[in-house]
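Remarks on the overall topology
As a plain string of letters, each chain reads:
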Amino acid sequence: CSPAIAVAQILTERRKLLSPNLSISYTQPLYMQRGVGAYLYDHTGRRYLDTVNNVAHVGHEHPRVVRAGQRQMAVLNTNTRYVHHQITQFAEALLATAPASLEVAFFVNSGSEANELALRLAKTYTNQQDIIALQVGYHGNTNACVEISSYKFDGPGGKGASPRVHVVPLPDTYRGLYRGSTPDSAQQYAQPVNEILERLHIQGRRPAAFMAETIVSCGGQIPLPPGYLQQVYASVRTAGGLCIADEVQTGCGRPGKYFWAFEEQGVVPDIVTIGKPIGNGHPLGAVLCTRAVADAFANGMEYFNTFGGNPVSCAIGMEVLKVIREEGLQENALTVGNYLKLGLGELAQRFPQIGDVRGSGLFLGIELVHDPIAKLPAASIADYLANRMRTLGILMSTDGPDHNVLKIKPPMVFGKTQADFLLRMLERLLKEDGCKP
Ligand code: PMP
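In the annotation of an unreviewed UniProt entry, the protein is listed under the name Alanine--glyoxylate transaminase and assigned to Haliscomenobacter hydrossis.

As structure tokens, this is what we get:
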């Protein structure tokens with residue numbers, strides 16, 4: 001049948017067979033058939049440059065990662081109750097990328113599961129229940145994760161924060177509560193955390209944990225003000241809580257200068273959660289924590305995970321780490337990320353619709369506004385750009401509470417040639433009527 005009929009048929013079947021709250025990108029959905037490096041190919045054979053997919057971290061269907069999975073899959077896959085060298089080798093390699101105080105690894109099957117486990121670890125260690133999280137944060141799809149994700153419970157279908165969850169303002173120095181990056185930004189945004197801790201103290205409670213990303217992805221690629229995590233971590237720890245860094249989107253070399261985004265803030269979390277990139281598309285997540293946190297969790301109740309840490313997943317994760325190192329992908333994220341950010345900054349000088357360009361390495365955000373002074377969010381321009389880009393063969397996504405931020409988080413093999421193409425196409429589209437401020 002014709003390509004259009006094939007898509008229509010699948011859409012009809014999806015409507016019949018799958019849950020209606022699974023969303024689809026684009027009003028004219030894409031039917032992808034193949035991925036290579038930073039490119040995806042649809043069912044008509046058309047090629048698209050992918051600026052969205054931070055899951056295909058080292059490139060779509062990277063041959064070395066595919067082979068590592070195939071090799072192990074052909075020999076053995078089983079759970080962690082049999083000893084196997086793959087899990088210990090992978091744990092050692094992954095822990096070697098993190099600060100020395102993070103000594104123990106858990107392997108799980110998704111970012112949500114990693115955060116779910118992190119919350120359990122913190123609640124067990126502290127024997128407390130209260131969690132502090134950022135406004136517009138997203139941490140996953142399980143009950144406990146949705147409960148701390150203001151992006152969900154404050155959004156459509158949400159029912160607000162539960163009494164044990166405390167949301168602090170998004171530290172957004174572009175359009176947040178305190179605007180303009182100043183030496184006081186960190187302290188201003190850290191103050192609401194202190195107020196929550198004070199309230200808990202008065203009620204005779206202590207926090208179990210503070211959880212945040214270092215560049216808040218669903219918030220619209222918001223980098224935390226310098227020094228913010230140092231101040232917040234210090235206050236939370238003084239109050240007896242643990243500090244959790246969600247690196248599900250930002251980790252594994254994507255920030256360029258650092259392997260983990262929290263390093264940019266000069267802090268060492270008690271727990272780090274890892275997801276998307278580490279399996280390059282294979283369902284793999286991890287939690288790294290201190291020995292003390294892991295020991296408190298080993299309270300007699302067995303922790304069993306049927307799939308977490310199986311030899312196939314570990315072989316894949318290990319190969320992803322090797323490819324990042326051997327192909328210099330963290331360095332590439334730094335060089336190409338800086339180059340692209342500079343180019344976007346130059347476009348922002350000429351096009352007032354670009355209100356802000358931010359982020360690190362290959363984790364960038366472009367905030368669109370109708371007017372740079374009033375900063376009126378331009379969701380219509382972001383949406384126009386994402387859709388027109390698709391017609392030019394570039395995949396882009398939008399996010400942020402006002403849906404006016406274009407996110408750039410491509411496979412890390414994204415090079416200068418691709419950055420130039422993206423910049424050229426953006427410049428062309430920004431001159432079109434649909435992008436008029
Ligand atoms: N944390 C963050 C920051 C995320 O962006 C996501 C997924 N978008 C998750 C956790 C949940 O990961 P997963 O979808 O793999 O369960």
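Still more ground to cover, so stick around.
A closer look at the overall build of the protein
Looking only at helices and strands, the protein has 13 helices and 17 strands in total. For 437 residues, the compact-globule estimate of 2.2 N^0.38 gives 22 Å, and the protein sits close to it at 22 Å. The principal-axis extents of the C-alpha atoms in the protein amount to approximately 60 × 60 × 45 Å. Each of the 437 residues in the protein was classed as buried or not, and the buried ones make up 50%. In the protein, of all internal contacts separated by at least 6 residues, the share reaching a separation of at least 24 is 73%.

Comments concerning the sheet that holds strand β2 (residues 39-42)
If you walk across this open sheet you meet the four strands as β1-β2-β3-β15, and the pairing is mixed. The sheet terminates laterally at β1 (32-36) and β15 (394-395), the two strands that pair on one side only. The sheet contact formed by β1 and β2 spans four bridges and is antiparallel. Bridging from a neighbouring strand, G35 pairs with L40 of β2.

Thoughts on the site of the ligand
Near the ligand you find 15 residues, and of these S110, G111, S112, G140 and V248 are the closest. Per-element accounting of the shell around the ligand gives the leading share, three residues, to helix α4 (residues 111-126). Within the shell around the ligand, the residues separate by chemical class into two nonpolar, 10 polar and three charged.

Structural notes on the sheet that holds strand β11 (residues 271-274)
Strand order in the open sheet made by the seven strands is β4-β12-β11-β10-β7-β5-β6, with mixed pairing throughout. The open sheet has two free edges, formed respectively by β4 (104-108) and β6 (165-168), since each of these has just one partner strand. When strand polarity is set aside, the average angle formed by the axes of neighbouring strands in this sheet is 20 degrees. As paired strands, strand β5 (residues 130-134) and β6 are joined by four bridges and run parallel to one another. Bridging across to β6, L134 finds its partner in V168. Contacting β4 and β12 (285-289), helix α3 (residues 85-95) crosses the sheet at an angle of about 115 degrees to β4.

Side note on the packing of helix α11 (residues 329-350) against helix α13 (residues 416-430)
Between α11 and α13, the shortest axis-to-axis distance is 10 Å and the interhelical angle comes to 15 degrees. Looking at the two axes, α11 sits roughly parallel to α13. Where α11 crosses over α13, the handedness of that crossing is right-handed. Residue-level contacts link V336, Y339, L340, G343 and L347 of α11 to K416, A419, L423, L426, E427 and L430 of α13.

Some thoughts on the environment of R164
By the element assignment, R164 lies in the loop between α6 (150-153) and β6. Judged by the 15 C-beta atoms lying within 10 Å of it, R164 is partly exposed. Residues R164 and Q129, 35 residues apart in the sequence, show an inter-C-alpha distance of 6.5 Å. Setting aside residues up to four positions removed in sequence, R164 forms contacts with Q129, D130 and I131.

As for the packing of helix α2 (residues 63-75) against helix α10 (residues 311-326)
When two helices pack together, you describe them by how their axes are tilted relative to each other and by the distance separating the axes. The contact between α2 and α10 brings their axes to 8 Å, and the two run at 155 degrees. Judged by the angle between their axes, α2 and α10 are roughly antiparallel. For the crossing formed where α2 meets α10, the hand is right-handed. Judged by residue contacts, R64, V65, A68, G69, R71, Q72 and M73 of α2 engage P311, V312, A315, I316, E319, V320 and V323 from α10.

Observations concerning α4
A rise of 1.5 Å per residue sets the reference length of α4, with its 16 residues, at 22 Å; its end C-alpha atoms lie 22 Å apart and thus fit the reference within 8%. Of all 16 residues in α4, 12 are buried; the element is thus mostly enclosed. All of the buried residues in α4 are G111, S112, E113, A114, N115, E116, L117, A118, L119, L121, A122 and Y125. Positive phi appears at N127, one or two residues downstream of α4, with a value of about 55 degrees.

Side note on the nonpolar core
Of all hydrophobic cores here, the largest spans 122 residues; its most connected members are A122, A209, F210, I244, I271, A286 and V287. When residues of this core are assigned to their parent elements, the largest contribution, eight residues, is made by α10. Among residues more than four places away in sequence, those in contact with I271 are A118, L121, A122, L242, I244, V287, C289 and V293.

Focus on the pairing of strand β14 (residues 363-368)
Residues in a regular strand project their side chains so that they alternate between the two faces of the sheet. Counting buried positions over the six residues of β14 gives six, a clear majority of the element. The alternating pattern of β14 places F363, G365 and E367 and L364, I366 and L368 on opposite faces, both of which are buried. Examined bridge by bridge, strand β13 (residues 354-360) and β14 share six bridges and lie antiparallel to one another. By the bridge assignment for β14, I354 is matched with L368.

Structural notes on helix α1 (residues 3-17)
Between its first and last C-alpha, α1 extends 21 Å over 15 residues, near the 21 Å set by a 1.5 Å rise per residue. Where burial is concerned, little of α1 is hidden: zero out of the 15 residues are buried.

A closer look at the confidence of the model for the protein
Here the protein shows a mean pLDDT of 97. Residues at 70 or above account for 100%. The least confident element of the protein is α1, whose mean pLDDT is 92; the most confident is strand β10 (residues 242-246), at 99. The ipTM, which scores confidence in the relative placement of chains, is 0.99 for this predicted complex, and the corresponding pTM is 0.98.

Some thoughts on unusual backbone geometry
Even without glycine at this site, C252 takes up a positive phi of about 65 degrees. Position of C252 relative to the elements: it lies in the loop between β10 and β11. Within the chain, H403 stands out as a residue other than glycine whose phi angle is a positive 55 degrees. Tracing the backbone shows H403 in the loop between β16 (397-399) and β17 (405-408).

The rules we used
Residues numbered from 1 in each chain as written. Predicted model: local features only at pLDDT ≥ 70, side-chain atom pairs only at ≥ 80, totals over all residues. Helix = DSSP H or I, 4+ residues; strand = E, 2+ residues; numbered from the N terminus. Rg over C-alpha atoms; globule rule 2.2 N^0.38 Å. Buried ≥ 20, exposed ≤ 12 C-beta atoms within 10 Å, placed from the backbone. Contact = placed C-beta atoms within 7 Å. Pairing = 2+ DSSP bridges. Near = placed C-beta within 6 Å. Nonpolar A, V, L, I, M, F, W, Y, C, P; charged D, E, K, R; others polar. Axes fitted to C-alpha atoms, helices over the stretch in contact; angles between N-to-C directions. Parallel < 35°, antiparallel > 145°, perpendicular 65-115°, else oblique. Left-handed = near helix turned anticlockwise from the far one by under 90°. Expected span 1.5 Å × (residues − 1). Core = buried A, V, L, I, M, F, W, Y, C linked by C-beta atoms within 7 Å. pLDDT = per-residue confidence, 0-100.

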